Amino acid sequence: MVKLTLRDKETIQDAVHRFRKLVERSGIKKEMRRRERYEKPSETKRRARLRAERRAFRASKMAAR
C-alpha cells in the first residue's frame, strides 16, 4: 500500500507527481495490468520462455563484441 504525506509548502501538482512515481515504483500498475484478464498457464510459460530466449540472444550478441 502506498502512503503519501504532504510536505510543507508542497503544491498539489507536486504531490500528485510524487504519488504517481510511488505507485509506479511499487509495481501496482504492472500488477493491475497483469490481472486485467485471465492468462492460461501455458501462455505464461510461453512468454517467460520467449523473454529468456531474447535475454540469452542479447547476452550472446554483447559477448561477441
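That block above? That's the structure.
These numbers were taken from a predicted model, which means no experiment stands behind them. (Residues numbered from 1 in each chain as written. Predicted model: local features only at pLDDT ≥ 70, side-chain atom pairs only at ≥ 80, totals over all residues. Heavy atoms only, no water.)

1. Digging into the overall build of the protein
Working step 1: On a plain count of helices and strands, the protein comes out with three helices and zero strands.
Working step 2: Written out in order from the N terminus, the α and β elements of the protein read α-α-α.
Working step 3: Against the globule reference of 11 Å for 65 residues, the protein gives a C-alpha radius of gyration of 19 Å, more extended than a compact globule.
Working step 4: With the principal axes as the frame, the protein shows a C-alpha extent of 55 × 40 × 15 Å.
Working step 5: Across the 65 residues that make up the protein, the buried fraction comes to 6%.
Working step 6: A gap of 6 Å separates the mean positions of the 24 positive and 9 negative side-chain charges of the protein. (Helix = DSSP H or I, 4+ residues; strand = E, 2+ residues; numbered from the N terminus. Rg over C-alpha atoms; globule rule 2.2 N^0.38 Å. Buried < 20%, exposed > 50% of the residue type's maximum accessible area, 1.4 Å probe, protein only. Lys, Arg positive; Asp, Glu negative; His and termini not counted. Charge placed at Lys NZ, Arg CZ, Asp CG, Glu CD.)

2. With respect to the pattern of salt bridges
Working step 1: This model, assessed by the stated rule, comprises five salt bridges.
Working step 2: In this structure, Arg18 and Glu10 form a salt bridge, with 2.8 Å as the shortest nitrogen-oxygen distance. Both residues of the pair, Arg18 and Glu10, count as buried.
Working step 3: With its nearest N and O atoms 3.0 Å apart, the salt bridge here joins Arg49 to Glu53. Residue Arg49 and its partner Glu53 are both found in helix H3 (residues 41-64); the two are separated by four residues, about one turn of the helix.
Working step 4: A relative accessible area of 45% places Arg49 in the partly exposed class. (Salt bridge = Lys/Arg side-chain N within 4 Å of Asp/Glu carboxyl O.)

3. Quick word on the side chain of Arg18
Working step 1: Here Arg18 is to be found in helix H1 (residues 12-26).
Working step 2: Aside from chain neighbours lying at most four places away, what touches Arg18 is Leu4, Thr5, Leu6, Arg7 and Glu10. (Contact = heavy atoms within 4.5 Å.)

4. Looking at unusual backbone geometry
Working step 1: Of note, Lys9 is a non-glycine position whose phi angle comes to about 55 degrees, a positive value.
Working step 2: Considering the arrangement of structural elements, one finds Lys9 in the segment before H1.
Working step 3: Using a relative accessible area of 88% as the deciding quantity, one classes Lys9 as exposed.

Everything listed here is a matter of geometry and, on its own, says nothing about what the molecule does.
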